[in-house]
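Topology and contacts: notes
Listed below are the residues making up each chain.
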Amino acid sequence: MENKNLVVGAGFTGAVIARKIAEELDEKVLLIDRRNCAAGNSYDYKDKETGISVHKYGPHIFHTNNKEVWDYLSRFTKWHYFFLKPNAVIEGEKVTLPFNLTTIRELFSPKMADRLEEKLISNYGYGIKVPILKLKENEDEDLKFLAEYIYENVFKNYTTKQWGLKPEEIDPTVTARVPVYISHDNRYFQDKYQGIPLNGYTKLIEKMIDHKNIELKLGVDYKELKEKDFKRIFYTGAIDEFFDYKYGELPYRSLRFDVRTLHKEFYQKTVVTNYPNNYDFTRITEHKYFLDEKSDKTIISVEYPEKFELGKNERYYPISNPENQALYEKYQKEAEKYPNLHFCGRLGGYKYYNMDLAVEKALELFKSLS
Ligand code: FAD
Ligand code: UDP
C-alpha cells in the first residue's frame, strides 16, 4: 500500500488534517478539491474593481472559546479584531440583534421596557441566554407577550425562509444559536476569541497547506481520481454522495447569493442586516465592514435560501432531525467497513459546525490516529 494520505476537500477541516499529517507525521498528503480554489465555504477573494474582500459563500466571522484552536490558526494568520453586531428589521425599523435588553428599549415604551426588563432579570438573571422556544414556555403574562412578539417578529418567518420549516419543526439547537440575551451586550457572539483573518480566510488556508509534504490539486473530484490506494483517506465531502446515494439522499439547505457592486460608499450601517419578515431573502451582508476596507464603492450580497438540489446548487446546511440522523448513521455504518476511511467536517459529519468546531474536530481526529 502507498504510504501516502488523501484528503478530499480543502476547507478548514481538510486543511488542518493535511497540515498535521504533513508536519507532525512527516507523511505525504495529496489534498484535492473539486472547486478551483482552496478554503471551502470560508473562501474569500479581493474584488478587482473595488479592492473589497468578499465572502463568497456568506458572512464568515471566526469566534471561539477554544484557545487551542485560536492559537493553532494564529500560526497562519494575524487577526483583524472584530465583533459582529448585526441588525434585524422589525416593523420597518433596524434594531439590535440578538434580541436583548437594548432591543426591548428600541421597540417598546420606556415604561413597558422597564417592566419587561425587570421581569426577565428576576425570572432568569442578568447575562442569561434564553432560547426563544424556552421563553415561550414562560407562564407570566408579560413574558408570554414578549416571547410571542419575538417569535413572530424574529424567528418564525426567518426560519421558515431559511429552512422551509417552522422553529418547532427543526432541531431546537438551531434557533438556540441566537438566544434572547438578557444583557446590554450587543454582540452576536460572546466568545473570548473573535476576528477575521487579516488577509482573509483563503490566505490563511493557503498558508496552512503550504508544506513540502502536501500536494494540492484543485478542480479534481474524488470520483475522477484514478489513484485510490492510500494509507488513509479523509473525506470532507458529503457522505451520501461518496456511497452513490445507496440509502437515499441526505437533505441539505442551500443558498443563492445575489452579489452587487454599488456606486455609493455605504449601503447599510452594519455588516449584516437580517430581514426576518419582509422579502424572500434572509439577510444582506456589506463586505467592506469585515476588514474595515475603504472604497467609494461597496459590495453587498443578498442571501436567498433554497432547497438543495443535486447538480443545481451547493450543500450549505445539513438539516438536523431524527430521520436524517438515522439515515446519516446508516452511511456511517457503511463507512466503518473501511478502517482507513474517515468522514469529517461539516458535510462528512453532517453537522452544523462553525469553523472553530470544524478545526477542533479535525485536531481531535488527528490525535486519534494510530
Ligand atoms: P467545507 O468548507 O464545506 O469544505 C468542504 C470542501 O470539500 C469544499 O471545498 C468542497 O468543494 C470539497 N469537496 C466536497 N466533495 C468533494 C469531492 N467529491 N471531491 C473533491 N472535493 C470535494 N462558521 C463560523 O464559524 N462563522 C460564521 O460566521 C459562519 N458563517 C457561515 C455562513 C454560511 C452561509 C455558511 C454556509 C457557513 C458558515 N459557517 C460559519 C460555517 C463554515 O462555513 C464551516 O464551519 C466550514 O466551512 C466547515 O469547513 P469544512 O472544511 O468542514 O467544509
Ligand atoms: N434565526 C432567526 N432569525 C434571525 C436570525 C436567526 O429565526 O434573525 C434562526 C434561524 O432559524 C437560523 C438560526 O436562528 O437558521 C441560526 O441563525 P445563525 O445566524 O446562526 O445562522 P447562520 O449564520 O449559520 O446561517
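So, a few notes on the structure that sits alongside this text.

Each helix and strand in the protein chain was counted, giving 12 helices and 19 strands. What you see for the protein chain is a C-alpha radius of gyration of 22 Å, in line with the 21 Å of a compact globule of 370 residues. Going through the 370 residues of the protein chain one by one, you find that 58% of them count as buried. Long-range contacts, defined as pairs at least 24 residues apart, comprise 72% of the intrachain contacts of the protein chain with a sequence gap of at least 6. With an accessible surface of roughly 17300 Å², the protein chain has 49% of that area assigned to carbon and sulfur atoms. Within the protein chain, one finds 57 positive and 58 negative side-chain charges whose respective centroids are separated by 2 Å.

What follows deals with the site of ligand 2. Taken together, 16 residues lie around ligand 2, and Trp163, Arg177, Tyr188, Tyr317 and Tyr352 are the ones closest in. Tyr317 places a side-chain nitrogen or oxygen 2.5 Å from an oxygen atom of ligand 2. Elements with a minimum of two residues in the shell around ligand 2: helix H6 (141–163) and helix H7 (172–175). Examining the composition of the shell around ligand 2, we find that 6 residues originate from one element, H6, more than from any other.

Across all of its chains, the model carries 35 aromatic pairs by this definition. Aromatic pair Trp163 and Tyr317: ring centres 5.4 Å apart, planes at 70°, arrangement edge-to-face. In this pair, Trp163 sits in helix H6 while Tyr317 sits in strand S18 (residues 317–318), placing the two residues 154 residues apart along the sequence. With a centroid separation of 4.9 Å and an interplanar angle of 80°, the aromatic rings of Phe242 and Phe243 are classed as edge-to-face. An aromatic cluster is built from Tyr222, Tyr235, Phe242, Phe243, Tyr247, Tyr331, Tyr338 and Phe343, whose rings are joined through pairwise contacts. Its end group placed over the ring of Tyr57, Arg35 keeps NZ or CZ at 4.1 Å from the ring centre. Sitting over the face of the ring of Phe242, Lys223 holds its NZ or CZ atom 5.9 Å from the ring centroid.

In this section: the sheet that holds strand S5 (residues 62–64). Working definition: the strands of a sheet are paired by backbone hydrogen bonds and lie parallel or antiparallel to each other. Spatially, the 3 strands line up as an open sheet ordered S5-S11-S6, and their pairing is antiparallel. The open sheet terminates on both sides in strands that have one partner only, identified here as S5 and strand S6 (79–81). Geometrically, the sheet is characterised by an average inter-axis angle of 40° between neighbouring strands, direction not taken into account. Pairing between S6 and strand S11 (residues 193–197): 3 bridges, direction antiparallel. Along S11, the bridge assignment pairs His80 with Ile196.

Let us now look at the site of ligand 1. Residues in contact with ligand 1 amount to 30 residues; listed here are only the nearest, Thr13, Asp33, His60, Tyr353 and Met355. For ligand 1, an oxygen atom lies 2.8 Å from a polar atom in the backbone of Ile61. Taking Met355, its main chain carries an N or O atom lying 2.7 Å from an oxygen atom of ligand 1. In isolation ligand 1 has 1000 Å² of accessible area, and contact with the protein removes 96% of it.

Applying the stated criterion across every chain, the model contains 33 salt bridges. Two residues, Glu23 and Arg75, come together in a salt bridge whose shortest N-O distance is 2.9 Å. Taken together, the residues span a long stretch of sequence, with Glu23 in helix H1 (residues 12–24) and Arg75 in the loop between helix H2 (67–74) and S6 at a distance of 52 residues. Overall, Arg75 belongs to the partly exposed group, its relative accessible area being 41%.

Basis of the calculations
- Residues numbered from 1 in each chain as written.
- Chains lettered and ligands numbered in written order.
- Predicted model: local features only at pLDDT ≥ 70, side-chain atom pairs only at ≥ 80, totals over all residues.
- Heavy atoms only, no water.
- Helix = DSSP H or I, 4+ residues; strand = E, 2+ residues; numbered from the N terminus.
- Rg over C-alpha atoms; globule rule 2.2 N^0.38 Å.
- Buried < 20%, exposed > 50% of the residue type's maximum accessible area, 1.4 Å probe, protein only.
- Contact = heavy atoms within 4.5 Å.
- Areas by Shrake-Rupley, 256 points an atom, 1.4 Å probe, with all protein chains shown as cover.
- Lys, Arg positive; Asp, Glu negative; His and termini not counted.
- Charge placed at Lys NZ, Arg CZ, Asp CG, Glu CD.
- Near = heavy atom within 4 Å.
- Polar contact = N/O pair within 3.5 Å; in protein donor to acceptor, adjacent residues only side chain to side chain.
- Phe/Tyr/Trp six-rings, centres within 6.5 Å; stacked < 30°, edge-to-face > 60°.
- Lys NZ or Arg CZ within 6 Å of the ring centre and 35° of its normal.
- Pairing = 2+ DSSP bridges.
- Axes fitted to C-alpha atoms, helices over the stretch in contact; angles between N-to-C directions.
- Salt bridge = Lys/Arg side-chain N within 4 Å of Asp/Glu carboxyl O.

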